[in-house]
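# Commentary on secondary and tertiary structure
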Amino acid sequence: MSIDLSDLRALLFLPASNPRAIAKARASDADLVILDLEDAVKAEDKASAREAAVAAIAQDWPMPVAIRINGVGTPWHDADLAALASANCDLVVLPSVRSVEEVRSIKLGIPLAAMIESAAAVIDAPAIAQHCNALIVGTNDLAADLRLPVVDRAAMAHALQATVLAARAAGIAVFDGVYNAIDDPDGFAAEAAQGRALGFDGKTLIHPGQIALCHAAFAPSADELARAERLVAAATGGAERFEGAMIETMHVDAARRLLARTR
């Protein structure tokens, strides 16, 4: 199916080697399901996971389905590419991207999301973004590459914002990293709200229980929608006063985008 990546909010990762997880994902409200062949799959299970992923995407799904392949230079990368060449996949996710050359090496004719998971990828993100359809921050690997003692959002603030800037400059979608504590809904909600405030389009997830929280965090509030409707209705062009604030065409355009995205 043809998808607008910027419309996605909740992107659910799951091991392609786990048929029970695949069944649960198909019945979920995720906006995109990502069948993982990389970190979630043991080395000895890579081949069977690949076969399972190809078989799974051949079935009917109520949402778009992506496959995260193994990274460039790994022993499984070429076999993954060969399997996807004839697969009906909506999106390919390339992990551990370190340079634009790695992105340009993927020539499947399928939309591509590049994962920004290292200092090198953050530095090269503007170039990487010019050759793919979306960026995804891999916060766990990024924290490790930056040698942070824990996954610290404050310590990664520059990298997160730099990734958003690169995506926006290229006109592509951008998604926040996963939240590891699956039994901490309040923590997830807070981090997702921060992600929206930073400009991310949505967030990657590791458990179906995070989907509803993600949708809620990235959805505009009733007050935001009502104000956007009033602003669009009141605008007459140029700089003018609206409800005690000065607005210009950019504010009207932003309000229209918010309303269109919600619809």
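Structure's up top.
So, how was this worked out
Residues numbered from 1 in each chain as written. Predicted model: local features only at pLDDT ≥ 70, side-chain atom pairs only at ≥ 80, totals over all residues. Heavy atoms only, no water. Phe/Tyr/Trp six-rings, centres within 6.5 Å; stacked < 30°, edge-to-face > 60°. Buried < 20%, exposed > 50% of the residue type's maximum accessible area, 1.4 Å probe, protein only. Lys NZ or Arg CZ within 6 Å of the ring centre and 35° of its normal. Helix = DSSP H or I, 4+ residues; strand = E, 2+ residues; numbered from the N terminus. Expected span 1.5 Å × (residues − 1). Contact = heavy atoms within 4.5 Å. Pairing = 2+ DSSP bridges. Axes fitted to C-alpha atoms, helices over the stretch in contact; angles between N-to-C directions. Arc of directions from axis to C-beta. Parallel < 35°, antiparallel > 145°, perpendicular 65-115°, else oblique. Left-handed = near helix turned anticlockwise from the far one by under 90°. Nonpolar A, V, L, I, M, F, W, Y, C, P; charged D, E, K, R; others polar. Right-handed = clockwise from strand over helix to strand, strands pointing away.

With that out of the way, let us pick up the packing of aromatic side chains. The full count for this structure, using the stated rule, is one aromatic pair. Aromatic pair Tyr179 and Phe188: ring centres 6.1 Å apart, planes at 75°, arrangement edge-to-face. Each member of the pair, Tyr179 together with Phe188, is buried. One residue, Lys46, lies across the ring of Trp76, its end atom 4.7 Å from the ring centre.

The terminal C-alpha atoms of helix α7 (residues 157-170), which comprises 14 residues, lie 20 Å apart, in line with the 20 Å expected from a rise of 1.5 Å per residue. Looking only at α7, the buried set comprises Ala159, Leu160, Ala162, Thr163, Val164, Ala166 and Ala167. Of the surrounding elements, those touching the buried residues of α7 are β5 (112-116), α5 (119-129), β6 (134-137), α6 (139-145), β7 (173-176) and α8 (185-198).

The next point concerns the sheet that holds β7. Sheet strands pair by backbone hydrogen bonding; their relative direction is either parallel or antiparallel. Pairing in this closed barrel of eight strands is parallel, and the strands run β1-β2-β3-β4-β5-β6-β7-β8 around the ring. Averaged over all pairs of adjacent strands, the angle between their axes in this sheet comes to 25°, without regard to strand direction. Note that strand β4 (residues 91-97) and β5 share four bridges and pair parallel. Of the residues in β5, the one forming a bridge with Val97 is Ile116. In this fold helix α9 (residues 211-218) packs onto β1 (10-15) and β8 (202-205), with an angle of close to 165° to the strand it touches most, β8.

What follows covers the side chain of Asp80. With respect to the element layout, Asp80 can be found in helix α3 (residues 77-84). Residues in contact with Asp80, not counting those within four places in the same chain, are Leu37, Arg50, Ile69 and Asn70.

With that settled, the discussion passes to helix α2 (residues 46-57). Quick reminder: α-helices carry 3.6 residues per turn. Residues three or four places apart thus point the same way. Look at α2: 17 Å from first C-alpha to last across 12 residues, which is about the 16 Å you get at 1.5 Å a residue. Those residues of α2 that sit buried are Lys46, Ala49, Arg50, Ala53, Ala56 and Ile57. Mapping the buried residues of α2 onto a view down its axis gives an arc of 130°, with all of them on the same face. Where the residues of α2 are buried, they touch α1 (19-26), β2 (32-36), β3 (65-68) and α3.

What follows covers the packing of helix α10 (residues 222-234) against helix α11 (residues 249-262). For the pair α10 and α11, the least separation of the axes is 9 Å and the interaxial angle reads 130°. The pairing of α10 with α11 is recorded here as oblique in orientation. Between α10 and α11 the crossing geometry is left-handed. Note on element contacts: α11 touches α10 through His251, Val252, Ala255, Arg256, Leu258, Leu259 and Thr262, opposite Glu224, Leu225, Ala228, Glu229, Leu231 and Val232. Looking at the contact of α10 with α11 residue by residue, the classes come out as eight nonpolar, two polar and three charged.

Moving on, we get to the pairing of β4. Each regular strand carries side chains that alternate between the two faces of the sheet. A large share of β4 lies buried, amounting to six of its seven residues. Bridge count between β3 and β4: three bridges; the pairing is parallel. Looking across to β4, one finds that Ile67 is bridged to Val92. In this fold, β3 hands off to α3, which returns the chain to β4; that crossover is right-handed.

Although it is not a glycine, Ser96 sits at a positive phi angle of roughly 50°. Here Ser96 shows up in strand β4. Given the relative accessible area of 31%, Ser96 is considered partly exposed. A positive phi angle is found at Arg147, which is not glycine, with a value near 60°. Positionally, Arg147 belongs in the loop between α6 and α7. A relative accessible area of 76% means that Arg147 is categorised as exposed.

This paragraph deals with the packing of α8 against α9. For the pair α8 and α9, the least separation of the axes is 9 Å and the interaxial angle reads 35°. Between α8 and α9 the crossing geometry is right-handed. In contact with Pro185, Phe188, Ala189, Ala192, Ala193, Gly195 and Arg196 of α8, α9 contributes Leu213, Cys214, Ala217 and Phe218. Of the residues that constitute the contact of α8 with α9, the class distribution is nine nonpolar, one polar and one charged.

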